[in-house]
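Below are the chains, spelled out letter by letter.
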Amino acid sequence: MKKQVNRRKFIISSSIAGAGVFFPGFTGLAFNHGLKPDNGIVVLPKGQKQIFVDSQMVAKTQNIERKVHPAKKLQHPVLEANMPWEQGRDYDGKKDRRVYIYGSVIRDKETGEFRMWYNRLKSNFFATSPDGINWARPNLGQLGETNEIDLFHFHSPSIIKDNFEKDPEKRYKALGSVKSSIPEEEISYLKSRFKEYAWYKRSSAYSAAYSADGLNWKLYPHPIILGGDTITLSQDPVSGEYLAFHKNKSTPDDKRRKVFLSTSKNMQDWTSPVLVMEADDADHKRAQLLEDGTHSEIYNMSAFPYGGQWLGLITVFRRAGAPKVKGPGQSGNEGPIDVLLVHSRNGRDWSHCSDHAPVIGLGPYDYDSGSILGLCNAPVVVGNEMWMYYTAMTTTHGGYLPDKQMSIARAAWRLDGMVSFSAGKDGGVFETCLLKPEGTSLCVNYNAAKGSLLVEVCDPKGKTLQGFSKDECIMLKGDSTKQKVKWEKYNEIPTGVPVRLRFYLKEGDLFSYLFE
């Protein structure tokens, strides 16, 4: 039986504890629910995993690189436009087959059933699945003998199950775009609320709805935001505040696609849109590698809380002029669209992951070889994996019907597996900033099937604590999404005192760590 820690041996004087380094990035922590500063020391709540999309929790590294991991895909889409009501007209004897998931997939915690909201243009549909792969279309009888739901002709419907809501009639919330059909008096109402948009001349806006069961919807009294055609609804996991990430403009001559954020506490009164995501220089350079490539734009953004912070998946449209071949149902803008990872510590200030490699790239299958047009608003955790559903497209943005077929596909990563800290055969080291764990057991998510992982625990000055050196750590090999770290004499680490963790990684990947 392993000896447990005698915590008296690890009492550190307050004068030493106060010597912790304060990181400038810890400003604005009111919205950063994964980190709790205490005199410049980060308190890590029990069970709160730490991922590696940024370096805010990292003091130093050596021979360590941040690595983006592309999603694994299925050989076929999980849902195609196979029903007559999901299809359009014939073109040269071939059907227009397009379904989208700008919407949502939610898994019932009690039954395990998957529930999907998806759309075709302004028609909205509902599907269910026992496993997330094989989907059924229940006959709802709302709009014919189909699985169509009456969701007010929302384009880009985005849905959440609101666990903060006390009124059972409003358990589900939805946002969506109502394109070119908002009455003039409603547009005037929004202009009076958002005076900076007095120049707006279209008749499109975003609207909100609520439901008891996700199937029978009621509309809130007024449209909420002036704007474009795509939107993602998310919710702060601590405060319950609603966040709407949507396509918009800040000036009338702004022609490039960008993502803005508005927030609300009641789904009716929303803040003025603030720009939070636009293409950066690396995005533009990727576009310029294409024939006739000019620049990149952000088509849409799905943002969700994860690991005590926020992750976002952006669809990056690499513009390449106008289509060379003319045809029906065709956009005037050409170029592919793929998916990159972005991150935020507060949901407001967003950055690209330092590795601009796509997390959902194009191909290798035909169904998404052209573009990825949109994603659902959040992933679903299934066992030791995280799944994201997306709109797969057979052509680039400028493709024409009926070649442009769209279906719903599934991307999968290991748990926490979008990004890792990675080291090669020579090994690497990284050290955390000064932190105070609330738990005593350190667990890691890692893959060192060909290598190894060792951890040591250090005092605030970086000196290894007795009994917690890497030489006394029981070497971790293999592959696990949750493995407890142990030392020869101890199964647990000191709690309530500031420490630094030093990870020694060789030929492997570390995806996350947490304390229990």
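Residues numbered from 1 in each chain as written. Predicted model: local features only at pLDDT ≥ 70, side-chain atom pairs only at ≥ 80, totals over all residues. Heavy atoms only, no water.

### With respect to the overall build of the protein
And step 1. Across its full length, the protein carries three helices and 35 strands.
And step 2. Whereas a compact globule of 516 residues would reach a radius of gyration of roughly 24 Å, the protein reaches 25 Å, a difference of no more than 12%.
And step 3. Its C-alpha atoms give the protein principal-axis dimensions of about 75 × 45 × 45 Å.
And step 4. Expressed as a percentage of its 516 residues, the buried residues of the protein come to 58%.
And step 5. The long-range share in the protein, meaning contacts at least 24 apart out of those at least 6 apart in sequence, stands at 65%.
And step 6. Accessible surface computed for the protein: about 21600 Å², of which carbon and sulfur atoms make up 49%.
And step 7. Computed over 68 positive and 59 negative side-chain charges, the inter-centroid distance for the protein is 4 Å. (Helix = DSSP H or I, 4+ residues; strand = E, 2+ residues; numbered from the N terminus. Rg over C-alpha atoms; globule rule 2.2 N^0.38 Å. Buried < 20%, exposed > 50% of the residue type's maximum accessible area, 1.4 Å probe, protein only. Contact = heavy atoms within 4.5 Å. Areas by Shrake-Rupley, 256 points an atom, 1.4 Å probe, with all protein chains shown as cover. Lys, Arg positive; Asp, Glu negative; His and termini not counted. Charge placed at Lys NZ, Arg CZ, Asp CG, Glu CD.)

### Some details on helix α3 (residues 281-288)
And step 1. Turning to α3, its buried residues number three or more, namely Asp283, His284, Arg286 and Ala287. Down the axis, α3 shows its buried residues gathered within 155° of arc, on one side only. Facing away from the buried side of α3 by over 90 degrees, the exposed positions are Asp281 and Lys285.
And step 2. Residues of α3 that are buried sit in contact with β21 (296-306), β22 (309-318), β23 (337-344) and β24 (350-352). (Arc of directions from axis to C-beta.)

### With respect to the sheet that holds strand β9 (residues 114-120)
Within a sheet, adjacent strands bond to each other through the backbone by hydrogen bonds, running parallel or antiparallel.
And step 1. The strand order across the open sheet formed by four strands is β8-β9-β10-β11, and the pairing between neighbours is antiparallel. The open sheet has two edge strands with one neighbour each: β8 (100-107) and β11 (148-149).
And step 2. The pairing of β9 with strand β10 (residues 123-129) spans seven bridges and is antiparallel. Looking at β10, one finds that Met116 is bridged to Ala127. (Pairing = 2+ DSSP bridges.)

### Some points on the sheet that holds strand β17 (residues 231-235)
And step 1. With antiparallel pairing, the four strands of this open sheet are ordered in space as β17-β18-β19-β20. Each edge of the open sheet is held by one strand with a lone partner, namely β17 and β20 (274-277). Averaged over all pairs of adjacent strands, the angle between their axes in this sheet comes to 35°, without regard to strand direction.
And step 2. One ladder, built from five bridges, connects β17 with strand β18 (residues 242-247); its direction is antiparallel. Bridged to Gln235 within β18 is Tyr242. (Axes fitted to C-alpha atoms, helices over the stretch in contact; angles between N-to-C directions.)

### Regarding the confidence of the model for the protein
As a general rule, the predicted coordinates of low-pLDDT regions are not to be interpreted in detail.
And step 1. Summarising the model, the protein shows a mean pLDDT of 91, and 92% of its residues fall at 70 or more.
And step 2. Contacts from residues 1-34, a stretch scored under 50 in pLDDT, to residues over four places away or in other chains number 65 contacts. (pLDDT = per-residue confidence, 0-100.)

### Digging into the pairing of strand β12 (residues 155-161)
Remember that side chains alternate between the two faces of the sheet whenever the strand is regular.
And step 1. Along β12, six of the seven residues are buried, which leaves the element largely enclosed by surrounding structure.
And step 2. Pairing of β12 with strand β13 (residues 172-178), which is carried by five bridges, proceeds in the antiparallel orientation. In the sheet register, Lys161 faces β13, and the bridge partner there is Tyr172.

### A short note on the state of the cysteines
And step 1. Tallying each qualifying case throughout the model produces zero disulfides.
And step 2. Free cysteine: Cys433, not disulfide-bonded; nearest cysteine sulfur from Cys458 at 13 Å.
And step 3. Given the relative accessible area of 1%, Cys433 is considered buried.
And step 4. We note that Cys443 lacks a disulfide partner, and the nearest cysteine sulfur, in Cys473, lies 13 Å from it.
And step 5. In this structure Cys443 comes out as buried when scored by relative accessible area, which is 6%. (Disulfide = S-S within 2.5 Å.)

### Section: helix α2 (residues 184-193)
And step 1. Where α2 is concerned, the buried positions are Glu186, Ile187 and Leu190. The arc enclosing the buried residues of α2, seen along the axis, measures out at 100°, which places them on a common side. In α2, those exposed residues whose orientation departs by more than 90 degrees from the buried face are Glu184 and Glu185.

### Observations concerning the pairing of strand β28 (residues 406-414)
And step 1. Most of β28 is tucked away: nine of the nine residues are buried.
And step 2. Residues Met406, Ile408, Arg410, Ala412 and Arg414 line one face of β28 and the alternating positions Ser407, Ala409, Ala411 and Trp413 line the opposite face, and both faces are buried.
And step 3. Pairing analysis gives two bridges linking strand β5 (residues 72-73) to β28, with the strands arranged antiparallel. Opposite Lys73, over in β28, you have Ala411 as the bridge partner.
And step 4. Here strand β27 (residues 385-393) runs beside β28; their pairing, made up of nine bridges, is antiparallel. Bridging from a neighbouring strand, Ala392 pairs with Ser407 of β28.

### Digging into the packing of aromatic side chains
And step 1. Enumeration according to the criterion identifies 23 aromatic pairs in this entry.
And step 2. Joined through ring pairs, the aromatic side chains of Phe52, Phe421, Phe430, Phe503, Tyr513 and Phe515 make up one cluster.
And step 3. A cation over a ring is seen here: Lys170 above Tyr210, with NZ or CZ 5.1 Å from the ring centre.
And step 4. The ring of Tyr504 is capped by Lys470, whose NZ or CZ atom sits 5.3 Å from the centre of that ring. (Phe/Tyr/Trp six-rings, centres within 6.5 Å; stacked < 30°, edge-to-face > 60°. Lys NZ or Arg CZ within 6 Å of the ring centre and 35° of its normal.)

### Regarding the side chain of Ser420
And step 1. Within the secondary structure, Ser420 sits in strand β29 (residues 419-423).
And step 2. With a relative accessible area of 0%, Ser420 lands in the buried category.
And step 3. Here the side chain of Ser420 touches Asp509 through a polar contact of 2.7 Å, side chain to side chain.
And step 4. Not counting residues within four places of it along the chain, the set of residues in contact with Ser420 comprises Glu65, Arg66, Lys67, His69, Asp509, Leu510 and Phe511. (Polar contact = N/O pair within 3.5 Å; in protein donor to acceptor, adjacent residues only side chain to side chain.)

### Considering the environment of Phe515
And step 1. Secondary-structure assignment places Phe515 in strand β35 (residues 508-515).
And step 2. For Phe515, a relative accessible area of 1% corresponds to the buried category.
And step 3. Sequence separation of Phe515 and Thr61 is 454 residues, and the distance between their C-alpha atoms is 21 Å.

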